[in-house]
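Geometric and topological summary
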Amino acid sequence: MQVYLPIAEMSVDAFLLVGIGFGVGWLSGLFGVGGGFLLTPLLILIGIPSPVAVASGANQTLGASVSGLIAQWRRGNVDPKMGSVLLVGGVLGSLAGVQLFALLRRIGQVDLAVSVFYVVVLGTVGGLMVMESARAILRRRTTARRKLHAHFWIHGLPLKMRFRRSRLYISIIPPFAVGFGIGVLSAVMGVGGGFMLVPAMIYFLGMPTSVVIGTSLFQVVFVAANVTMLQAVQLGTVDILLTMLLLLGGVAGAQFGASMGTRLRGEETRALLGLLVLSVAVSLLWGLLRRPANLFSSGPAL
Amino acid sequence: MIRLVLLLLLAWANPGRAQELPLVAALSQDAVEVTTGFTGTALMVFGSTEGPIGPGGDEVLILARGPTRPVVVRRKVPILGVIWVNGPSARFAGVPGFYFLAGTRPAWQVLPEEERQRNGLGLDSLPLSSTGARSPAFRAALLALESDSGLWVEDPAPVEIAGSRLFHARVPLPAAVPTGDYHVEVLLVRSRRIVARQELAFRVDRVGAADRIATVATEQPFVYGLACVLFAALAGWFGSVLFRRS
């Protein structure tokens, strides 16, 4: 069934979109991430213009993350104080990111920037995840005791604040910087940033794993809402019909994924997610390196 | 379709009236509605002539043009011979978003070159002025890209003739057709001169939900953004409710 997308100004198969939403929702339920990093490249692949794919991807991430946040909040796994610090950084970061995106669109390098951001970020995160989880799987039998959290230069910064839920007493500069960086990336890549935020919170900020998922969802929901608003107001590229179809499949897919995820062990899940992230990065890198079939492209002049 | 049949009947039943004018033409519809289920459509241009058309007689040319907009054409170049990025670009002003030309015979066969160029009959005679990169390859690329998308069509099939005085042609409008005012010109050519012309028009409009969404998105982007955010949050909440039940 073909459906005409009013903002993208093109007609797409509705079942294809619901199917993509389902697949991405399934994976995001399985791995506990928003899935925006898979969704935006897939949308670009089926011919949705990059600006619309990025903006609508952010909107879909918002919807997908809300249900996760509600579930985590009920279990008390959200650190609102840490979340707010991350969020202030995230909102400022996404403001800067949307400006950067508008500039890239004017000079005609959106596609390049989106691809390069994806290759670099996904390549790095995916590689680290695979390495870390492979090490964890190998180390599983030799039960080595680890310290609660390591102390290094970050803990010497000023402006310290106590985060009770996270059992941390650290400077607000690192979480602010993490939030800002994720905000920029989410505006340019159309992702919530959960897949980067979770490792950053564990390894960089030293937060306990129990509150990491909930707090990252807290940040992702509000940053994605901000990106959606900014993209809608400044660029007019959010397609609500596209979002609606993706969420329709995504909501159902997330349930199947989540129930399957409980049967997988942590290390295996992380290794699989890492491989998935890496393969998306490699396929986008191939797209940049391959000689394009048509050297010319046209677009509306801005 | 009904109008087509009626007009054809009228033309046959009342030849005296048709002969007052050298050329009578009409469109099967004067408005094309783009709904959320729009996948492209086609409209008919049809009419009759005073004298016989076809081999040995007069020729009919049909030209349809959509609203114009500025377009940028970019060429990809390899940086350091490795990564392909958008390099030089040319900006074309007043590029028609839709172009259709058909005739009982191709325009270049029935009109002198100068006359054909002056009337913009043929993709090669479009007045495309560009700023930026100078290479003629950009113009050629624009032609190729628009032709591939089905928005620029030249001589897809000859205008069909029935009974040597009636003609009709199908103008295909793909799903990506831009909205706005369209102009259709029907020309009658006799001995390599344009002897009669009729101008017709139709509109392509978004209607229903597609129109309301696009209107709100452009006129009240803040309200639209807020609606998108609330809608997505609501869908997520609904999902979590469903999840708790099962």
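Fair warning: this is a prediction, and the values are worked out from it, not measured in the lab.

What counts and how
Within any chain, residue numbers begin from 1 and follow the written order of that chain's sequence. All chains are assigned letters beginning with A, and all ligands numbers beginning with 1, in the order in which they are written. Owing to the predicted nature of the model, reporting of local features is limited to residues with pLDDT of at least 70; listing and counting of side-chain atom pairs is limited to 80 or more, with chain, interface and lining totals taken over all residues. In this description a helix means any DSSP run of H or I spanning at least four residues, a strand means any run of E spanning at least two, and both kinds are numbered starting from the N terminus. This radius of gyration counts C-alpha atoms alone. The globule rule is 2.2 Å times how many residues there are, raised to the power 0.38. Between the buried cut of 20 or more and the exposed cut of 12 or fewer other C-beta atoms within 10 Å of a residue's own C-beta lies the partly exposed class, and all C-beta atoms are placed from the backbone. Residues are scored as being in contact if the C-beta atoms we place from backbone atoms lie within 7 Å. One requirement defines pairing of two strands: DSSP has to find at least two bridges between them. In this analysis an axis means a line fitted to C-alpha atoms, helices contributing only their contacting stretch, and an angle means the value between N-to-C directions, from 0 to 180 degrees. A helix's residues, less one, multiplied by 1.5 Å, set its expected span. Throughout, the arc means the angular range of directions from the helix axis out to the C-beta atoms. Here the limits of each domain have been adopted from an automatic or database domain assignment. Here the nonpolar group is Ala, Val, Leu, Ile, Met, Phe, Trp, Tyr, Cys and Pro; Asp, Glu, Lys and Arg are the charged ones; every other residue, Gly included, is treated as polar. Any angle that is under 35 degrees is reported as roughly parallel, and any over 145 degrees as roughly antiparallel; angles of 65 to 115 degrees are reported as roughly perpendicular and all others as oblique. Here a crossing is taken to be left-handed if its near helix is turned anticlockwise relative to the far helix by less than a right angle, and right-handed if that turn runs clockwise. Defined on buried residues, the nonpolar core groups Ala, Val, Leu, Ile, Met, Phe, Trp, Tyr and Cys residues joined through C-beta atoms within 7 Å.

**Considering the overall build of chain B**
Per the secondary structure count, chain B includes seven helices and 13 strands. For chain B, the C-alpha radius of gyration of 24 Å lies well beyond 18 Å, the compact-globule estimate for 246 residues. Viewed in the frame of its principal axes, chain B has a C-alpha envelope of about 75 × 55 × 30 Å. Buried residues in chain B amount to 34% of all 246 residues. Considering only residue pairs separated by 6 or more positions, chain B has 69% of its internal contacts joining residues 24 or more positions apart.

**Considering the sheet that holds strand E11 (residues 166–173) of chain B**
All names here are of chain B. Spatially, the four strands line up as an open sheet ordered E1-E3-E11-E10, and their pairing is antiparallel. The two strands at the open ends of the sheet, each matched to only one other strand, are strand E1 (23–27) and strand E10 (160–162). For this sheet, the mean inter-axis angle between neighbouring strands, taken without regard to orientation, is 20 degrees. Relative to E11, E10 is paired through three bridges, and the arrangement is antiparallel. Within E11, the residue paired with Glu160 across the bridge is His168.

**Structural notes on helix H5 (residues 137–148) of chain B**
With twelve residues, H5 of chain B should cover 16 Å at 1.5 Å per step; its first-to-last C-alpha distance of 16 Å lies within 8% of that length. Among the residues making up H5 of chain B, those that are buried are Phe138, Ala141, Leu142 and Glu146 of chain B. Buried residues in H5 of chain B, looked at end-on, bunch into an arc of 125 degrees, giving them a common side. Across H5 of chain B from its buried face, at more than 90 degrees, point the exposed residues Ala140 and Asp148 of chain B. Tucked inside the fold, the buried residues of H5 of chain B contact strand E5 (296–300) of chain A together with strand E5 (68–79), strand E6 (83–96), strand E8 (130–132) and strand E9 (152–154) of chain B.

**A word on the domain arrangement of chain B**
Residues and elements named next belong to chain B. Taken domain by domain, chain B consists of domain 1 (2–206) and domain 2 (207–246). Computed over C-alpha atoms only, the centres of domain 1 and domain 2 are separated by 39 Å. Among the elements of the structure, strand E2 (31–34) and strand E13 (193–206) are those that each provide at least two residues to the side of domain 1 that touches domain 2. Its residues assigned to classes, the side of domain 1 that touches domain 2 shows one nonpolar, two polar and three charged.

**What about the sheet that holds E13 of chain B?**
Across a sheet, paired strands are connected by hydrogen bonds in the backbone, their directions being either parallel or antiparallel. All names here are of chain B. Strand order in this open sheet of six strands is E2-E13-E12-E4-E7-E9, and the pairing throughout is mixed. A strand with exactly one partner marks an edge of an open sheet, and here the two such strands are E2 and E9. Across the sheet, the mean angle from the axis of one strand to that of its neighbour is 15 degrees, orientation sign disregarded. Looking at chain direction, strand E4 (residues 59–65) and strand E12 (residues 180–190) are connected through seven bridges and run antiparallel.

**Details of the packing of helix H5 (residues 110–139) of chain A against helix H7 (residues 194–204) of chain A**
Residues and elements named next belong to chain A. Between H5 and H7, the shortest axis-to-axis distance is 11 Å and the interhelical angle comes to 50 degrees. The angle between H5 and H7 falls in the class oblique. Once H5 is placed against H7, the crossing between them reads as left-handed. Residues Val121, Val125 and Leu128 of H5 form the contact with H7, whose participating residues are Phe195, Met196 and Pro199. Residues of the contact of H5 with H7, tallied by class, amount to six nonpolar, no polar and no charged.

**Some details on the interface of chain A and chain B**
Interface size is often expressed as the accessible area that is lost when the parts come together. Each side of the interface is counted separately: chain A has 46 residues, and chain B has 48 residues. Put simply, the parts of the chain that give the side of chain A that touches chain B at least two residues each are strand E1 (2–5), strand E2 (10–13), helix H3 (50–74), helix H8 (209–234), helix H9 (240–261), helix H10 (266–289) and E5 of chain A. Per element, the largest residue contribution to the side of chain A that touches chain B is ten residues, and it comes from H3 of chain A. Residues that form the side of chain A that touches chain B fall into these classes: 28 nonpolar, 16 polar and two charged. Of the pairings in the sheet, the one linking E5 of chain A to E5 of chain B comprises five bridges and is antiparallel in character. Of the residues in E5 of chain B, the one forming a bridge with Ser297 of chain A is Arg74 of chain B.

**Quick look at the nonpolar core**
Residues Leu62, Leu122, Val221 and Val277 of chain A together with Val45 and Ile62 of chain B are the most contacted members of the largest nonpolar core, which totals 151 residues. Shared between two domains, this core takes at least three residues from each, and those domains are domain 1 (2–206) and domain 2 (207–246) of chain B. Aside from chain neighbours lying at most four places away, what touches Val221 of chain A is Leu62, Ser65, Val66 and Leu69 of chain A. Formed by nine residues, the second largest nonpolar core is a distinct cluster that contains Val72, Val73, Ala90 and Phe138 of chain B.

**Section: the packing of H7 of chain A against H8 of chain A**
All names here are of chain A. Interaxial distance between H7 and H8 falls to 9 Å at its minimum, and their mutual angle equals 140 degrees. The pairing of H7 with H8 is recorded here as oblique in orientation. Crossing geometry of H7 relative to H8 is assigned as right-handed. Contacts from Gly194, Leu197, Val198, Met201 and Ile202 in H7 reach Thr209, Val212, Ile213, Thr215, Ser216, Leu217, Gln219 and Val220 in H8. Looking at the contact of H7 with H8, its residues break down into eight nonpolar, five polar and no charged.

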